[in-house]
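Single-letter residue listing:
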Amino acid sequence: MTAALLLVLGCSLGWAGFDVLRKQLTCRLEPQALVLALACGQAPLFLAWGLAMGDLRVAPAYLLPGLLSLLSNLVANLLFMRAVQIAPLSTTIPMLSFTPAFAALLSSLLLREWLRPAQGAGILAVVLGALLITRAPAPGAAPTAAARRGPQLMMVVALLWSLGAVLDKYLLRSASPAAHAALQAGGLALMLLGWLAARGQLGQLRPARRAAGLLLLAMAVSSLSLALQLLAYQRVFVSVVEAVKRTVGMAASVANGRLLWHEPVTPGKISGVALMSLGVWVLLR
């Protein structure tokens, strides 16, 4: 259990750091170009992981659910980049805390991962805490229409990523973690490359040169986070991993939003963090 908990906490902290890097990178690249650049860097890293472990197995049963996972991941990544581009981290990232609720429902249907009543209460606390944060009034000017749309887009991301998380665990039955991650990153890169080429928008990649250092760091952090997450899925319910991950990400988004972008920290946000943390404590008991 200690090893499983370390994997969950490790991937949670990694994704929280990656959120900050993505927020900074969206100021320099268009969402499609950013997702493409990250995927191009991730694919060889995952391939190297598989070669080092001597495990790149993939069974034929991987094909159809793998394509569904790829499509959901593509749309979710593009919507995520757009959401954090137009709205503050402290109002967008908390919406991802709905993923454990969505994941609990989907994993019970597809993976037969049935939660105990206490675990269900913990996930409910995580979701309510997120709502408390996003609905807490902040001082200053009223949010723009774009800023209000950011959380709405992120809600769609939460649904798609919860589906993706459940599919990730399901696909580990027919592929090794490294092979699955490499196929998803490589497929994402190929799809986006074709999309940008067909639209004559490959020029969107030019600013990547000026952000090379930040991009390399984001590639490394995201690859490590996903690797730890896939290993955690082999030991822990998907919904529990998502609850811990989103709570850590939410707390970090409030703190980083204040430290890096001077976003206000209100009593509602603090109360939301406390309630979500209580939910995670209940989940991990």
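Cut-offs and rules
Residues numbered from 1 in each chain as written. Predicted model: local features only at pLDDT ≥ 70, side-chain atom pairs only at ≥ 80, totals over all residues. Heavy atoms only, no water. Helix = DSSP H or I, 4+ residues; strand = E, 2+ residues; numbered from the N terminus. Core = buried A, V, L, I, M, F, W, Y, C linked by side-chain atoms within 4.5 Å. Buried < 20%, exposed > 50% of the residue type's maximum accessible area, 1.4 Å probe, protein only. Contact = heavy atoms within 4.5 Å. Axes fitted to C-alpha atoms, helices over the stretch in contact; angles between N-to-C directions. Parallel < 35°, antiparallel > 145°, perpendicular 65-115°, else oblique. Left-handed = near helix turned anticlockwise from the far one by under 90°. Salt bridge = Lys/Arg side-chain N within 4 Å of Asp/Glu carboxyl O. Phe/Tyr/Trp six-rings, centres within 6.5 Å; stacked < 30°, edge-to-face > 60°. Lys NZ or Arg CZ within 6 Å of the ring centre and 35° of its normal.

The topology assignment puts D19 in helix α1 (residues 2–25). Through-space distance from the C-alpha of D19 to that of A101 is 21 Å; in sequence the pair is 82 residues apart.

Another point: the nonpolar core. Within the largest apolar cluster, 76 residues are counted, with the highest numbers of intra-cluster contacts made by L25, L38, F80, L96, M154 and L215. The leading source of residues in this core is helix α2 (residues 31–53), at nine residues. Sequence-distant contacts of L215, defined by excluding residues within four places in its chain, comprise L25, L34, A37, L38 and A208.

Note on placement: L167 falls in helix α7 (residues 145–171). As a C-alpha pair, L167 and P267 span 100 residues in sequence and 37 Å in three-dimensional space. The contacts of L167, once residues within four sequence positions are left out, are P65, L68 and S69.

It is the contact of α2 with helix α8 (residues 177–198), at a shortest axis distance of 8 Å, that shows an interaxial angle of 150°. One finds that α2 runs roughly antiparallel with respect to α8. Crossing geometry of α2 relative to α8 is assigned as left-handed. Of the residues in α8, those touching α2 at Q32, A33, V35, L36, A39, C40, Q42, A43, F46, L47, W49 and G50 are P177, A178, A181, A182, A185, G186, L188, A189, L192, L193 and L196.

We now examine the pattern of salt bridges. Across all of its chains, the model carries four salt bridges by this definition. One salt bridge connects E242 with K245, and the closest N-O pair in it is separated by 3.0 Å. Pair noted here: E242 and K245 are both in helix α10 (residues 238–261), with a separation of three residues, about one helical turn.

Let's shift gears to the packing of aromatic side chains. Summed over the entire model, instances satisfying the criterion amount to four aromatic pairs. Measuring from centroid to centroid gives 5.3 Å for F80 and W161, while their planes differ by 35°, and the two rings are tilted. With a gap of 81 residues between them, F80 in helix α3 (residues 63–86) and W161 in helix α7 connect regions that are remote in the sequence. Lying across the ring of F80, R22 places its NZ or CZ 3.8 Å from the centre.

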